[in-house]
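# Structural overview
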Amino acid sequence: MCTKMVQVLWGCFLLWNLYISSAQTIYPGIKARATQRALDYGIQAGVEMIEQMVKERKIPDLKGSESPKFLKIDYMNYKLINIKINAFSLPNTSLAFVPGVGIRALIKHGTANISTDWEIKSPLFQDTGGANLLLSGVYFTGILVLARNDFGHPILKLQDCNAQVSRNDISFSGELSVLYNSFAEPMEKPILKNLNKMLCPIITSEVEALNANLSMLEVLRSVDNYTLLDYSLISSPEITENYIDLNLKGVFYPLENLTDPPFSSVPFVLPEHNDSMIYIGISEYFFKSASYAYFTAGAFNVTLTTKKIFNHLIRNSQGLGNMLSWIAELYILSQPFMVQVLAREPPVVNLLPGHFTLDIPASFVILTQSKNSTAETVLSMDFVASTNVALAILGQRLICSLSLNRFRLSLPESIRSNIEVFRFENILSSILHFGVLPLANAKLQQGFPLPNPHKISLVNSDIEVLEGFLLISTDLKYKTSLKQQSSFHGWEALNLIRGRWRGKPAPWLPVWSPLQEVNRP
């Protein structure tokens, strides 16, 4: 009996642990996938990066001691200093995924031209001069193992390094160059031996330096004065034969509160495409966390004064001056007034195939603005504004723009019989369309930063709205000198996307008119 009781308790304990572990599962808000096409382009970009790197890096001095029999001396110490790689060629280079491990790099038949200064000391003489080395048969293979540290940074480790140069030809320069070149061939073998010993330590050192830079990446990034965005890795990269997936947390926080939102992320799966170099999946959770963070920070509350209303309404639409006069006459207000739009709840995000909508539940408050007294509320009502979201990629940012789709107004019962609801809905819709949304879109022009490597820009980008997430398909372009992105001045040159539009401009969202039929409660 006791044994059975222990087994039952142990089973309950295991079930509880399974429940806790499943309840604590964290799914990514952003998935970034690199395909074999990205690796193939990485070879081209990598050669350019290496060219830039070797110009900036100081190559260690090469030292050695030999007892050349042809000179009949006990020893000769030599040193190669100021080593500089002038040119190199890597004609046979490949990168391939190693499932569950990392990326294998293979270089064959490489060549390099090196210039250096040298010093020789022996019991009989010492001398200095210059020399050129032509290295051929350069070979390297190794695996870059990708993982994640405790802070969510990516980390790299070089595994199974094998590097060697099969031949080097040395040519001395200087006053006694003819003499030195006559016994250059016997010197080439010991120099090559020492050089091959140095190659893997040098490459490993470069990987460690790159790793140090990766540890300095900003995984918690300030977006604006309201929010932070967490880009940290939630797990080690997932590697298959065809791609590598990076699972990023992808969640917004209010600037003063780094508490996770009161809802959980849900899993989503990227489609098995391979036409583009990079695929970025941005989940509905990402946008919901942004909605919650901005709501918590009070970013959705807007106050329009008479001056702002005239700037945004009268200059952008005819006939609204009469509407404003009607409001003033209705409430016998000869003094200025204010309109407040206050979000009641975080806007509701919906991602459905081909459609991205944002429903904004808010309150509309009209207040008097007297010079000699405090503001007094004249009217307060609730509404829900349903908006369509247009998307574009500008530089390295995802840009959103809102367009009013429909407007539902809830008036208090006490005044519903005294006011023509339909007419009032149109008036308030006009204020939203021509006053509030332009202000919101001006803020949204700052965009959401997309994850991208240093000096890599996104080109040939395409956006598709799927069930529960956005799919961005893009290629990469490496820039040797990345210029500062120009400031954004308008939407005219952008390819705004609601669904999937490749190779042609996407249509703007349907133009909304305050006189169109609206949905009433």
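All chains use their own residue numbering, which begins from 1 and follows the written sequence. Only residues with pLDDT of at least 70 are given local features in this predicted model, and only at 80 or more are side-chain atom pairs given and counted; all residues enter the totals for whole chains, interfaces and linings. As a convention, hydrogens and water are excluded, and side-chain values are obtained from all of the structure's heavy atoms.

As annotated in an unreviewed UniProt entry, the protein chain carries the name Bactericidal permeability-increasing protein and comes from Tursiops truncatus. Quoted straight from UniProt, the Subunit (unreviewed entry) entry for the protein chain says "Monomer. Homodimer; disulfide-linked." Looking at the Function (unreviewed entry) heading of the UniProt record, one finds this comment for the protein chain: "The cytotoxic action of BPI is limited to many species of Gram-negative bacteria; this specificity may be explained by a strong affinity of the very basic N-terminal half for the negatively charged lipopolysaccharides that are unique to the Gram-negative bacterial outer envelope." UniProt positions are given in the numbering used here, feature names are shortened, and annotations may be inferred rather than shown by experiment.

### Considering the pairing of strand β11 (residues 243-248)
β11 sits mainly inside the fold: five of its six residues count as buried. Pairing between strands is defined by DSSP: at least two bridges between them are needed. Helix numbers and strand numbers start at the N terminus; a helix is a DSSP run of H or I with at least 4 residues, a strand a run of E with at least 2. Pairing geometry for strand β1 (residues 30-35) and β11, over six bridges, is antiparallel. Directly across from Lys31, in β11, lies its bridge partner Asn247. Where strand β10 (residues 238-239) and β11 come together, two bridges link them in antiparallel fashion. Bridged to Glu238 within β11 is Asp245. Three labels apply to residues, based on accessible area from a 1.4 Å probe with only protein chains included: buried if under 20% of the type maximum, exposed if over 50%, partly exposed otherwise in between.

### As for the sheet that holds β1
Across the sheet, six strands lie side by side as β10-β11-β1-β13-β22-β21; this open sheet has antiparallel pairing. Both outer strands of the open sheet, β10 and β21 (456-466), are each paired with one neighbouring strand and no more. Against the sheet, helix α5 (residues 284-296) makes contact with β1, β13 (278-283) and β22 (469-478), and its axis sits at roughly 50 degrees relative to β13, the strand it touches most. Every residue pair with non-hydrogen atoms within 4.5 Å of one another is taken to be in contact. Angles shown run from 0 to 180 degrees and are taken between the N-to-C directions of axes, each axis being a line fitted to C-alpha atoms and, for helices, limited to the stretch in contact.

### So, the sheet that holds strand β9 (residues 227-230)
Overall, antiparallel pairing links the three strands, which are arranged β8-β9-β12 in an open sheet. Both edges of this open sheet fall to β8 (220-222) and β12 (251-254), since each of them pairs with a single strand only. Direction aside, neighbouring strands of the sheet carry axes that sit 30 degrees apart on average. Pairing of β8 with β9 involves three bridges; the strand directions are antiparallel. Its bridge partner being in β9, Ser222 is matched across the sheet by Leu228. Of the strands in this sheet, β9 and β12 are in contact with α5, which crosses β12 at around 5 degrees.

### Thoughts on the packing of aromatic side chains
A pair of Phe, Tyr and Trp rings is counted when the ring centres sit within 6.5 Å of each other, with Trp represented by its six-membered ring. The angle between the planes then sorts it: under 30 degrees is stacked, over 60 is edge-to-face, the rest tilted. Inspection of the entire model under this criterion finds eleven aromatic pairs. Between Phe263 and Tyr292 the ring centres are 6.1 Å apart and the planes differ by 90 degrees, which places this aromatic pair in the edge-to-face class. One end of the pair, Phe263, is in the loop between β12 and β13; the other, Tyr292, is in helix α5, with 29 residues separating them in the sequence. Given a relative accessible area of 28%, Tyr292 falls into the partly exposed group. One aromatic cluster is present, formed by Tyr226, Phe252, Phe286, Phe287, Tyr294, Phe300 and Phe356 through successive ring pairs. Geometry around Tyr243 places Arg33 over its ring, the cationic atom sitting 3.7 Å from the centre. Over a ring means this: the NZ of a Lys or the CZ of an Arg is within 6 Å of the ring centre and within 35 degrees of the ring normal.

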